[in-house]
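What follows is each chain in one-letter form.
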Amino acid sequence: MNNNILTTKEKQLLHEGTVIPAHPLALNEHRKMDEKRQRALSRYYLDAGVGGLAVGVHTTQFEIRKPDVNLFKPVLELAKEEMDSYTSKSDRTILRIAGVIGNTNQALKEAQMAADLGYQAVLLSLAALPEATNKELLDHCREVSKVMPLIGFYMQTAVGGRYLDFDFWLEFAQIENVVAIKMAPFNRYQTFDVVRAVVESGRADQIALYTGNDDNILVDLMTEFQIQSNGQLIKKRIVGGLLGHWSVWAKAAVTLLEDIKSGTYANDSAKLLTMAAKITDSNAAFFDAANNFSGCIVGLHEVLRRQGLLKGTWTLNEKDCLTPGQKAEIDRVYKSYPELNDDLFIAENVEGWLK
């Protein structure tokens with residue numbers, strides 16, 4: 001099956017904006033996949049009201065592709081089964097997004113696997129091509145776009161991403177099968193480069209912008225960009241988030257986006273900026289910003305462990321662990337912002353998700 005086009009409902013959801021968590025990987029103490037808890041995570045997000053799942057991405061751990069691990073297909077399959085089960089019982093559209101990495105041959109194989117499993121778009125990382133020219137990168141992207149709709153990915157350099165200039169994004173946005181871009185450079189200048197490139201490409205109404213800037217979520221979602229292009233003022237917004245941060249406290253994230261859409265923050269800039277600071281402070285603890293994000297995945301695991309969704313914080317890399325002081329920082333933001341967590345929602349449902 002070649003899943004090369006989004007349905008009308010899928011496009012509508014993508015462009016209206018939704019919450020898309022980056023799906024973690026549940027492991028047991030032997031660092032093998034814990035299928036029961038992997039399924040429970042998917043069930044948690046879906047019942048929380050998210051509009052899609054991104055699987056096989058950075059938060060899922062890129063190491064799932066190593067030959068001695070070989071979990072890329074299994075994690076996609078499990079998430080697909082849970083999404084299929086959920087949509088069969090509800091009338092909601094769920095976006096199925098698969099992370100794709102590597103050189104062109106690897107990326108094409110991963111994209112085709114995702115298409116065969118019924119995923120609707122791929123989040124394409126270019127981190128594996130650090131020395132490639134813009135032309136080489138764009139040729140790579142065009143090849144993958146022939147297999148699946150593309151979501152571009154500007155990944156911050158601290159966790160393995162590479163710099164991508166305005167000229168790259170301008171040409172990338174002109175690829176016909178690009179449907180969205182996740183902006184996660186954790187940099188205001190580079191984020192604006194992407195927005196301006198999409199506007200100047202002439203495809204602003206065809207490409208949905210999603211924040212991946214976990215350090216600036218609410219302000220991203222509240223900003224209207226106004227850009228002059230060809231003598232015309234074009235207004236463009238970031239409509240949703242595809243975020244590692246939203247792999248925890250997901251129910252609250254759904255409420256946050258609903259509040260944004262309903263205008264809760266529209267006429268109260270003080271309330272907006274206060275909430276934005278709370279979210280960013282929480283993210284600093286989860287992502288271990290103090291240590292250049294070295295504990296970003298285990299920090300998320302620690303929150304999920306506390307909530308009973310994960311049994312431990314294990315990752316595929318035995319060197320990964322909470323950094324000194326990170327646990328205390330997570331304790332602090334839990335105490336400081338109790339209104340942001342969704343512990344009660346999880347406590348009421350986790351037993352069922354784990355069955």
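Residues numbered from 1 in each chain as written. Predicted model: local features only at pLDDT ≥ 70, side-chain atom pairs only at ≥ 80, totals over all residues. Heavy atoms only, no water.

1. Re the nonpolar core
Thinking step 1. By size, the foremost hydrophobic cluster in this structure holds 107 residues, and its most contacted members are Y119, F172 and I181.
Thinking step 2. Among the elements that take part in this core, helix 10 (residues 269–287) stands out by supplying 7 residues, more than any other.
Thinking step 3. By size, the runner-up hydrophobic cluster in this structure holds 20 residues, among which are A54, F153, V179 and A184. (Core = buried A, V, L, I, M, F, W, Y, C linked by side-chain atoms within 4.5 Å. Buried < 20%, exposed > 50% of the residue type's maximum accessible area, 1.4 Å probe, protein only. Helix = DSSP H or I, 4+ residues; strand = E, 2+ residues; numbered from the N terminus.)

2. Points about the packing of aromatic side chains
Thinking step 1. One pass over the full model with this rule turns up 12 aromatic pairs.
Thinking step 2. Through successive ring pairs, a cluster of aromatic residues spans Y44, Y45, F345 and W353.
Thinking step 3. Its end group placed over the ring of F345, K251 keeps NZ or CZ at 5.2 Å from the ring centre.
Thinking step 4. One cation-aromatic arrangement involves K271 over Y265; the distance from NZ or CZ to the ring centre is 5.8 Å. (Phe/Tyr/Trp six-rings, centres within 6.5 Å; stacked < 30°, edge-to-face > 60°. Lys NZ or Arg CZ within 6 Å of the ring centre and 35° of its normal.)

3. Quick look at helix 11 (residues 296–306)
Thinking step 1. Counting buried positions over the 11 residues of helix 11 gives 9, a clear majority of the element.
Thinking step 2. Three or more residues of helix 11 are buried, namely C296, I297, V298, G299, L300, H301, E302, V303 and L304.
Thinking step 3. Elements in contact with the buried residues of helix 11: helix 2 (35–48), helix 10 and helix 12 (326–336).
Thinking step 4. Positive phi appears at G308, one or two residues downstream of helix 11, with a value of about 90°. (Contact = heavy atoms within 4.5 Å.)

4. What about the side chain of T191?
Thinking step 1. Locating T191 in the fold gives a position in helix 7 (residues 188–200).
Thinking step 2. Within the structure, T191 has its side chain in polar contact with the backbone oxygen of N187 (distance 2.9 Å).
Thinking step 3. Every residue in contact with T191, bar those within four places of it in the chain, is listed here: M183, P185 and N213. (Polar contact = N/O pair within 3.5 Å; in protein donor to acceptor, adjacent residues only side chain to side chain.)

5. A word on the pairing of strand 7 (residues 208–211)
Thinking step 1. Residues A208 and Y210 of strand 7 are buried on one face, and the alternating residues L209 and T211, pointing to the opposite face, are buried as well.
Thinking step 2. As judged from the 4 bridges shared by strand 6 (residues 178–184) and strand 7, these two strands associate in the parallel manner. Residue pairing for strand 7: M183 is matched across the bridge by T211.
Thinking step 3. In this fold, strand 6 hands off to helix 7, which returns the chain to strand 7; that crossover is right-handed.
Thinking step 4. Sheet analysis places strand 7 next to strand 9 (residues 232–243), joined by 3 bridges and oriented parallel. Opposite Y210, over in strand 9, you have G240 as the bridge partner. (Pairing = 2+ DSSP bridges. Right-handed = clockwise from strand over helix to strand, strands pointing away.)

6. Observations concerning the environment of N134
Thinking step 1. Within the secondary structure, N134 sits in helix 5 (residues 134–145).
Thinking step 2. With a relative accessible area of 24%, N134 lands in the partly exposed category.
Thinking step 3. Sequence separation between N134 and E171 is 37 residues, and the spatial gap between their C-alpha atoms is 9.0 Å.
Thinking step 4. The contact partners of N134, leaving out residues within four places of it in the chain, are D165, D167 and F168.

7. Let's talk about unusual backbone geometry
Thinking step 1. Although it is not a glycine, R31 sits at a positive phi angle of roughly 60°.
Thinking step 2. Phi at D288 is positive, roughly 60°, even though this residue is not glycine.
Thinking step 3. Within the element layout of this structure, D288 appears in the loop between helix 10 and helix 11.
Thinking step 4. The class of D288 is buried, set by a relative accessible area of 4%.

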